[in-house]
Each structure stands twice: as structure tokens, then as C-alpha cells.
Amino acid sequence: MNKKGVEFSFTWLFAMIVGMTILFLAIYAVTRITQTENTVIDASTAKQIGILLNPLETGFESAKTTSLILPKETRIYNKCDNRTEPFGRQVISLSQKSFNKWTDTDIDVGFSNKYIFSEGFVEGKKFYVFSKPFEFPFKISDVIYITSADKKYCFDDAPEDIRDELSSLGQENIYLENCPEESAKVCFSGGCDIKVDYSSRYVQKFNEKMYFADDSMMYAAIFSEPEIYECQLKRLMKRGESLIELYNGKADIVSAKGCDSGVKNELSVLGSMISDVKNSENINTAVVETVEDIKNKNSVSLCKLW
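Residues numbered from 1 in each chain as written. Predicted model: local features only at pLDDT ≥ 70, side-chain atom pairs only at ≥ 80, totals over all residues. Heavy atoms only, no water.

Asker: Looking at this model, I keep getting lost on the packing of helix H2 (residues 160–169) against helix H3 (residues 215–223). Mind explaining?
Answerer: What describes two packed helices is the angle between their axes and the distance between those same axes. It is the contact of H2 with H3, at a shortest axis distance of 13 Å, that shows an interaxial angle of 70 degrees. Viewed along their axes, H2 and H3 adopt a mutual orientation that is roughly perpendicular. Residues Asp161, Ile162, Glu165 and Leu166 of H2 lie in contact with H3, whose contacting residues are Asp215, Met218 and Tyr219. Split by residue class, the contact of H2 with H3 holds 4 nonpolar, no polar and 3 charged. (Axes fitted to C-alpha atoms, helices over the stretch in contact; angles between N-to-C directions. Helix = DSSP H or I, 4+ residues; strand = E, 2+ residues; numbered from the N terminus. Parallel < 35°, antiparallel > 145°, perpendicular 65-115°, else oblique. Contact = heavy atoms within 4.5 Å. Nonpolar A, V, L, I, M, F, W, Y, C, P; charged D, E, K, R; others polar.)

Quick look at the structure:
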């Protein structure tokens, strides 16, 4: 009787161990498969986001906006690489909430022709994306700003032209009056979360100053982190240097046909200035004045280069 009892207990114990091992392996396999599927989904979604941004990159002068709605809570990570030649790379990656945990993916999706300005990561289900051309003095590229619908911005003392432009976007997370208490305050006079000094052309955020040449880069500084802003600016300057070479070549062609563009020398000067830009502080008054001078001369020239 005792022997049978021992045999019976051992058989059940052995069966329980085998069952628990099988169950553990099954759970492990499902978890690994789920993680793999989530990684693939995150990478695929990041690539799709990059493709969805293409319609915003057009030749129109005014700002344009669109919304991006994802099926689950998502973090869009913005990474900038300004070391890759020739113009660096825009890198984005995604993490989505699954079983109340954020997926962990090391797959990045890169684009050489996009310039996205945002915080290190933006989080939510709905995002607002708007773009604006950056001209320096010719169009270098469209710059893109991404914000979460969950984060609100208050522009209650912005200049009239800025208020008009922001109002035309129709973004529900941008307030021009009656701002929610939790909104990030953007001030053009006085001090607050994000201070814009229009006369000195800088945005102060996180106790750091980001200098800008036009409104497109002002928005970039407002909506992004300083590290991302400075990195993307360097990428834009690299692209600007290359475009100056192309326009100087075009100036030589039209000059050979007896038509002087009138801006070739100034373009060469600007090219030297751009090559010395190490950070936004180098976008000083002299650079901005040179850009404006070239823009004005080209606009009245009989042989416009752009």
C-alpha cells in the first residue's frame, strides 16, 4: 500500500513537472512571438509615418497641417544624425503599449530628406503634424513639426501674423486665448516655459537659447528639444552649402549667355558663412542680413536663379 502510494505520488509529481515545463515553454514562445510581431509592427508603422509625411513636403509657401491617428498608445522617438554624409539622416522609431507595457524595439527607420522637429519622443494616439518651408534665402527644405494632441501649447501674446498662421492650422492643441492651466506657455513678452525673443531671434527653452533666422525655425525651436534643434540645423546647413554650389553653377551658365544674376558673389560669401555654422548661435545678424540681401536681389533680377 505504501509502495503504491509512493509510486502514485511520484507519477503525479513527474507529470506536474513536465506539465509546468511545457506551460513555461509555451508562454515563453508566445511572449517571444508577440515581441517579434510588435517589433515588426513598430518598424513598419515608423516607415509608414515617414511615407505619410511626404504630402506635407510641397512647394507651397504657407504652413500646412494634418493629423495622425494610431490604433494604440504610441511613442514616436525622434533621432537626428548629422554625421552621416552628405546631409545626415532623420531617424524615427516607435514603441507601442502592449499588455500595459511599452514594447522595446531597436529598429530605427531613417530618411535622408526629412527634417523633423519635436521633443525626444511624443506620446499618445493622435498627433498633429505641420510643415513650413525653410528659405535661406532659397528653399532648402520643408521642416516638419510633430506634437501630441495630448500636449497643449498656449500662444496668448503672439504677434498678429503668428496668431493668424496658427489659427489657420486648426490644431486643437494650440490655444491663442483661454488657455488650459496645464498648457505649455509660449511667451513673446516676459518669461514663461518657452520664451521667444523676436528682436534677438532666439527661443529660450530648458534654460538654453536656440537662435533662428525665420519663422519656420522659430516654430522648430518652440516644438523641439535643443539637442534635436541644433542637430537638424546642422543638417539643413549642409544641404544649404550644396545648393549654393548648384546655384553658383547656374549663375555661371546664365552669365555666359549674357545675363548677370547679380547674386553670385553674395552666394559665395553666404557659403563661407554657412560652412562656419557650428551651432545656432552662429546664425547671427550678419548671416541673416546677407540672406535677406540675396533674397531681395534675386527677386528683382532679370535672371532669377530660383
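So that's the structure; there's more coming.
Asker: In this structure, what is going on with the state of the cysteines? I would like to understand it.
Answerer: A covalent bond between the sulfur atoms of two cysteines is what we call a disulfide. Per the counting criterion, the structure on display carries 4 disulfides. Between Cys80 and Cys231 runs a disulfide, and the two sulfur atoms are separated by 2.0 Å. With the S-S dihedral at roughly -85 degrees, the linkage between Cys80 and Cys231 falls on the left-handed side. Of this pair, Cys80 sits in strand E1 (residues 64–81) while Cys231 sits in helix H4 (residues 226–256); the two residues are 151 residues apart in sequence, bridging distant segments of the chain. For Cys80, a relative accessible area of 23% corresponds to the partly exposed category. Judged by its relative accessible area of 9%, Cys231 falls in the buried class. Disulfide partner of Cys154: Cys179, at an S-S distance of 2.1 Å. The S-S bond linking Cys154 to Cys179 shows a torsion near 75 degrees; that makes this disulfide right-handed. (Disulfide = S-S within 2.5 Å. Buried < 20%, exposed > 50% of the residue type's maximum accessible area, 1.4 Å probe, protein only.)

Asker: Which parts of the structure should I look at to understand the nonpolar core?
Answerer: Generally speaking, a soluble globular protein has its nonpolar side chains buried in company with each other. By size, the foremost hydrophobic cluster in this structure holds 53 residues, and its most contacted members are Phe136, Phe155 and Met217. If one sorts the elements of this core by residue count, H4 sits on top with 9 residues. For this core, the two domains that each supply at least three residues are domain 1 (49–231) and domain 2 (239–300). Look past the residues within four positions of Phe136 in its chain and what remains in contact with it is Ala213, Met237, Leu270, Ile274, Ile283, Val287 and Val291. (Core = buried A, V, L, I, M, F, W, Y, C linked by side-chain atoms within 4.5 Å. Domains from an automatic or database assignment.)

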